[in-house]
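A look at the structure
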Amino acid sequence: MSKEMLDAFDTLEKDKGIKREVVIEAIESALISAYKRNYGQAQNVEVEFDEKTGDVHVYAVKEVTEEVFDSRLEVSLKDALAINPAYEIGDKIRFEVTPKDFGRIAAQTAKQVIMQRIREAERSIVYNEYSQYENEIVQGEVERRDNKFVYVNLGKIEAVLGRNDQMPNETYEPHQRIKVYVTRVEKTPKGPQVFVSRTNPGLVKRLFEQEVPEIYDGTVEIVAIAREAGDRTKLAVRSNDPNVDPVGTCVGQQGRRVQAVVNELNGENMDIVEWKEDPSDYIANALNPAQVIAIQFDEENEKACTVIVPDDQLSLAIGKHGQNARLAAKLTGYKIDIKPESEVEFVDDDDMTELADGDAKEELTNDVMADTDDQE
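So, here's what we can say about the structure. (Residues numbered from 1 in each chain as written. Predicted model: local features only at pLDDT ≥ 70, side-chain atom pairs only at ≥ 80, totals over all residues. Heavy atoms only, no water.)

The subject of this paragraph is the pattern of salt bridges. Scanning the model with the defined rule gives 18 salt bridges in all. The partner of Arg198 in a salt bridge is Glu264, with the nearest N and O atoms 3.0 Å apart. With Arg198 in the loop between strand E9 (191-197) and helix H5 (201-211) and Glu264 in helix H8 (residues 256-264), this pair connects stretches of sequence that are 66 residues apart. Exposure remark for Arg198: the relative accessible area of 1% places this residue in the buried category. On the basis of relative accessible area, Glu264 is assigned to the partly exposed category, the value being 24%. The residue Arg257 makes a salt bridge to Glu214 at a minimum N-O spacing of 3.1 Å. Here Arg257 is found in helix H8, whereas its partner Glu214 is found in helix H6 (residues 213-216), with 43 residues between them in sequence. The exposure class of Arg257 is partly exposed, given its relative accessible area of 24%. Using a relative accessible area of 23% as the deciding quantity, one classes Glu214 as partly exposed. (Salt bridge = Lys/Arg side-chain N within 4 Å of Asp/Glu carboxyl O. Helix = DSSP H or I, 4+ residues; strand = E, 2+ residues; numbered from the N terminus. Buried < 20%, exposed > 50% of the residue type's maximum accessible area, 1.4 Å probe, protein only.)

At a closest axis distance of 9 Å, the pairing of H5 and H8 adopts a crossing angle of 140 degrees. Classed by the angle they form, the pair H5 and H8 counts as oblique. H8 is crossed by H5, and the crossing has right-handed handedness. Of H8, the residues touching H5 (which contributes Leu207, Phe208 and Glu211) are Arg257, Val258, Ala260, Val261 and Glu264. For the contact of H5 with H8, the per-class residue count stands at five nonpolar, no polar and three charged. (Axes fitted to C-alpha atoms, helices over the stretch in contact; angles between N-to-C directions. Parallel < 35°, antiparallel > 145°, perpendicular 65-115°, else oblique. Left-handed = near helix turned anticlockwise from the far one by under 90°. Contact = heavy atoms within 4.5 Å. Nonpolar A, V, L, I, M, F, W, Y, C, P; charged D, E, K, R; others polar.)

Here we take up the sheet that holds strand E12 (residues 269-274). Here three strands make up an open sheet; going across it, the order is E10-E11-E12 and the pairing mixed. Only two strands of the sheet have a single partner each, and these edge strands are strand E10 (220-228) and E12. The sheet shows a mean angle of 20 degrees between the axes of neighbouring strands, direction not considered. Where strand E11 (residues 232-239) and E12 come together, six bridges link them in parallel fashion. Bridging across to E12, Lys234 finds its partner in Asp271. Strands in contact with helix H9 (residues 279-286) are E10, E11 and E12; relative to E12, the strand with the most contacts, it is inclined by about 160 degrees. (Pairing = 2+ DSSP bridges.)

All right, on to H5 then. Restricting attention to buried positions, one finds in H5 the residues Gly202, Leu203, Val204, Arg206, Leu207, Phe208 and Glu209. Between the side-chain oxygen at the start of H5 and the backbone nitrogen of Gly202 there is a gap of 2.7 Å, and the oxygen is on Asn200. (Polar contact = N/O pair within 3.5 Å; in protein donor to acceptor, adjacent residues only side chain to side chain.)

Within helix H11 (residues 323-332), nine of the 10 residues are buried, which leaves it mostly tucked inside the rest of the structure. Within the span of H11, buried status applies to Gln323, Asn324, Ala325, Arg326, Leu327, Ala328, Ala329, Leu331 and Thr332. Where H11 is buried, its residues contact E10, E11, E12, H9, helix H10 (314-318) and strand E15 (335-340). Once H11 finishes, Gly333 follows within two positions and takes phi at roughly 85 degrees, a positive value.

Counting 38 residues, the largest nonpolar core has Leu154, Val194, Phe208, Leu265 and Met270 as its most contacted members. In terms of residue count, the dominant contributor to this core is strand E8 (residues 177-188) (five residues). The contacts of Leu154, once residues within four sequence positions are left out, are Tyr130, Val138, Gln139, Gly140, Ala159, Val180 and Val194. One finds Val309, Ala317, Leu327 and Ala328 within the second-largest nonpolar core, a separate group that totals 26 residues. (Core = buried A, V, L, I, M, F, W, Y, C linked by side-chain atoms within 4.5 Å.)

Turning our eyes to something else, we now look at the sheet that holds strand E7 (residues 158-162). Remark on secondary structure: sheet strands pair via backbone hydrogen bonds, oriented parallel or antiparallel. Spatial strand order, E5-E6-E7-E9-E8: five strands in a closed barrel with mixed pairing. If you compare each strand with its neighbour and ignore which way they point, the axes differ by 50 degrees on average. Where E7 lies against E9, two bridges are found, and the strand directions are parallel. Note on E9: the bridge partner recorded for Val160 is Phe195. Running at roughly 125 degrees to E8, H5 makes contact with strand E5 (137-145), E8 and E9 of the sheet.

Take unusual backbone geometry next. With an omega dihedral of 20 degrees, the bond running from Asn288 to Pro289 counts as a cis peptide bond. With respect to the helices and strands, Pro289 occurs in the loop between H9 and strand E13 (294-297). Phi at His175 takes a positive value of approximately 75 degrees, unusual for a residue other than glycine. Within the secondary structure, His175 is located in the loop between E7 and E8. One non-glycine residue with positive phi stands out, namely Gln254, at about 55 degrees.

And the structure:
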């Protein structure tokens, strides 16, 4: 066997982390199959591969028996004793049956095994590397696209950006560099496959962590994210330091921090609101920029409420196509019905939380409901 083949063992161990013993074991197993396949033999055989010289020896393994029924598998006690007087019935004896031309087959087989192990090792290295990036942001270069995917080169592997993970307001062109969020890494027969996204809410979270040191170090915490990718995102934040304003920290001086995220997402609007432990305050904040007068919670459904807003704030509270109310519902986990104050006929003071100065109004006609059931 060639010296280059033997040197490959060192390369596998040093560069790929595959031990010589593992490769040699795989080669010996492959050579057994090759021997049986090429020489029509079905008996028990063993192969020994000399890693120093590259020599290969094939042995037929036979059991010592009193009477021989199959000479390929058995050897008589008489013949065994002639070889070594210490042999007993049931012992196994190896007889070398190495064919003269087996060296060529052995070399080809060993080469195939080594190449296979190299491919497996490279795939394993890539999988282990990129599986660490799950739920993280990586930067890549757009290579091509088809009807289903945009293919993004991440360096050692080509990731796929599915149709649902592509921003509706973006067009991806070859050689364009983009930041993507790694949603999962899978092992497949063809090697590891990395799936990435531009629409996952996790992308927004990681972008803010990059732009806002207080989020990265835990001073400010992102509690919840509701996103309609490419259009608008609501972000609920809270501070673990009473001296730090969570909203102002995320917005940054002159809005620089939030603007950096908006620019990365091609103009996607960002509403940053303060998370509150009190559901009424939290819901009111979530409906920002609309002003909320009061909130009434449903006695039969603890996750449903009615929100009263000034008449001139109704459209703002609901938002275009119900988006503001819908995102607020996703952010808070509450079903939110929105009504203008001019249509409030009666309010039970025990169930109503007032959020602004003034008396509760007493006129109620038609309900105006924001369709907050339209969840993702």
